[in-house]
Amino acid sequence: MNAYRALIWGLLLAAGPAAAEGNGLGARVGSGGIALEYTHGLGERLDLRAGYALATYRDTFAQDDIDYEGEIQYGAALAMLDYRPLGGGFRLSAGAYSRAPEVDLVAEGQNEEYQVGNERYTATGRLDGDIDLGALAPYLGIGWGGSSAGTGFGLSFDVGVMFADAPSVSLAAQGRACRSTLVACDPADTNPLTGGFDVNDPSDPRAQAFRTELENEERNVEDEIADLRYWPVVSLGLHYRF
């Protein structure tokens, strides 16, 4: 983070003593959601940009034979410094989003076999998950247009990366399961020796072992989605400068 702060100060110093050029209002749409922004010129080549971005996406992915449905919820304030090294439309952007995207997971099955941690289980029930990517997320990128220079309407394009924390995964299960690593089983069978068990029964050692494997599964998912901490942001915008 020391290098990141040094970059911000470098952009401020690069602006020089020139007076602010103007202001602008804009809207963007892209992988960072829908954003509304206000731009204020700080100097001949430097702008301060602030706004708010909001989005919801849905996607699916598989890990250890478990098909997850994911919902990505995105709502964050943003603040950027835009430096135009050539004085034209091209700019370098550095700043931060007030919060990284939030990701919720869900998987449901009826008498299906899954790999949970290091064991295989046949289960009927539901698995809910949460992926925490941290709070304040720095951003670095490049763009064209959307500056405070000039007047009237104009288009802009941005591409960059939001740097979130390493993903932290939490999983919670409900329903019945039975260990099927060696032989097939039926989670609906209530036989205490060969049948299934309530995955949340605190007195059943089989449920305790399942929850241990569920913790191992959390680590497996974290390894699978490790690159999620680098969140790509690509957007197209329309701006009015005055």
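We now turn to the structure provided with this report. (Residues numbered from 1 in each chain as written. Predicted model: local features only at pLDDT ≥ 70, side-chain atom pairs only at ≥ 80, totals over all residues. Heavy atoms only, no water.)

## A few points about the state of the cysteines
Part 1 of the argument: Tallied over the entire structure, the rule returns one disulfide.
Part 2 of the argument: Paired through a disulfide, cysteine 178 and cysteine 185 show a sulfur-sulfur distance of 2.0 Å. On the sign convention where negative is left-handed, the bridge of cysteine 178 and cysteine 185, at about 95° about the S-S bond, is right-handed.
Part 3 of the argument: On the basis of relative accessibility, which here comes to 18%, the residue cysteine 185 falls in the buried class. (Disulfide = S-S within 2.5 Å. Buried < 20%, exposed > 50% of the residue type's maximum accessible area, 1.4 Å probe, protein only.)

## Some points on the environment of leucine 86
Part 1 of the argument: Tracing the backbone shows leucine 86 in the loop between strand S4 (66-83) and strand S5 (90-97).
Part 2 of the argument: Leucine 86 sits in the exposed class, given a relative accessible area of 72%. (Helix = DSSP H or I, 4+ residues; strand = E, 2+ residues; numbered from the N terminus.)

## Some details on a negative patch on the surface
Part 1 of the argument: A surface patch of negative charge is lined by Asp104, Asp130, Asp132 and Asp165.
Part 2 of the argument: Tracing the chain through its elements places aspartate 165 in the loop between strand S9 (152-163) and strand S10 (168-179). (Patch = residues over 30% accessible without salt bridge, like charges linked within 9 Å, V, L, I, M, F, W, Y side chains within 5 Å. Areas by Shrake-Rupley, 256 points an atom, 1.4 Å probe, with all protein chains shown as cover. Salt bridge = Lys/Arg side-chain N within 4 Å of Asp/Glu carboxyl O. Lys, Arg positive; Asp, Glu negative; His and termini not counted. Charge placed at Lys NZ, Arg CZ, Asp CG, Glu CD.)

## What about the side chain of glutamine 115?
Part 1 of the argument: With respect to the helices and strands, glutamine 115 occurs in strand S6 (residues 102-116).
Part 2 of the argument: According to the relative accessible area criterion, glutamine 115 is buried, its value standing at 18%.
Part 3 of the argument: A distance of 3.2 Å separates the side chain of glutamine 115 from the backbone oxygen of glycine 117, its partner in a polar contact.
Part 4 of the argument: Among the polar contacts listed, one links the side chain of glutamine 115 to the side chain of arginine 120, at a separation of 3.1 Å. (Polar contact = N/O pair within 3.5 Å; in protein donor to acceptor, adjacent residues only side chain to side chain.)

## Considerations on the pattern of salt bridges
Part 1 of the argument: Overall, the coordinates contain 16 salt bridges when judged by the stated rule.
Part 2 of the argument: Residue glutamate 37 is joined to arginine 49 by a salt bridge in which the shortest nitrogen-to-oxygen separation is 2.9 Å. Here glutamate 37, found in strand S2 (residues 33-41), pairs with arginine 49, found in strand S3 (residues 46-63); they are 12 residues apart in sequence, far enough to count as distant. Summarising the burial analysis for this pair, glutamate 37 and arginine 49 share the class buried.
Part 3 of the argument: Glutamate 71 is the partner of arginine 58 in a salt bridge, and the nearest nitrogen-oxygen pair spans 2.7 Å. Here glutamate 71 lies in strand S4 and arginine 58 lies in strand S3, a separation of 13 residues in the sequence.
Part 4 of the argument: Classification of arginine 58 by relative accessible area gives exposed; the value is 66%.

By themselves, these observations are geometric and do not establish any function.
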